[in-house]
Amino acid sequence: ASPSPPPPSASPAALSIEFQVTVAGGSYPSEVSWTLMCSGALIGSGGAPYSGTLSAPPGECTLDMYDSYGDGWNGDQWEGAG
């Protein structure tokens, strides 16, 4: 009898979570930008208005929010749901 083949590698693909992101609502959207990093990888970036679907692995994420004029987001909101 021939030997059994080795079992398949036990490295499952990393699961990702899809979620909808919307950025809108402010007085000066041209000043707004943002980046989303998860587990050391850039997941998404953009300005306002923005609407799209992003995908990220489970884990720690960092959302950096910028305003080119320096006076805050003036009512703009970043919303992620999924």
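Residues numbered from 1 in each chain as written. Predicted model: local features only at pLDDT ≥ 70, side-chain atom pairs only at ≥ 80, totals over all residues. Heavy atoms only, no water.

## Notes on the nonpolar core
Our working definition: By nonpolar core is meant a set of buried Ala, Val, Leu, Ile, Met, Phe, Trp, Tyr and Cys residues that side-chain atoms within 4.5 Å join together. Here the term buried applies to any residue with accessible area under 20% of the maximum for its type, exposed to any over 50%, and partly exposed to those in between, with areas from a 1.4 Å probe on protein chains only. In DSSP terms, a helix is any run of H or I states spanning at least four residues, a strand is any run of E spanning at least two, and both are numbered starting from the N terminus. Contact criterion: two residues are considered in contact whenever any of their non-hydrogen atoms come within 4.5 Å of each other.
Of all hydrophobic cores here, the largest spans twelve residues; its members are Phe19, Val21, Val23, Val32, Trp34, Leu36, Cys38, Ile43, Ala48, Leu54, Ala56 and Trp73. Those elements that place two or more of their residues in this core are strand 1 (17-24), strand 2 (32-38) and strand 4 (50-56). It is strand 2 that provides the largest number of residues to this core, a total of four residues. Ignoring anything within four residues of it in the chain, the contact list for Leu54 reads Ile17, Glu18, Phe19, Val21, Trp34, Leu36, Ile43 and Gly44.

## Quick look at unusual backbone geometry
Omega for the bond connecting Ala48 with Pro49 falls within 30 degrees of zero, at -5°, which places this linkage in the cis form. On the secondary structure map, Pro49 appears in the loop between strand 3 (41-47) and strand 4. Phi is positive for Asn74, which is not a glycine, with a value near 45°. Note that Asn74 resides in the loop between strand 5 (61-67) and strand 6 (77-81). With a relative accessible area of 27%, Asn74 lands in the partly exposed category.

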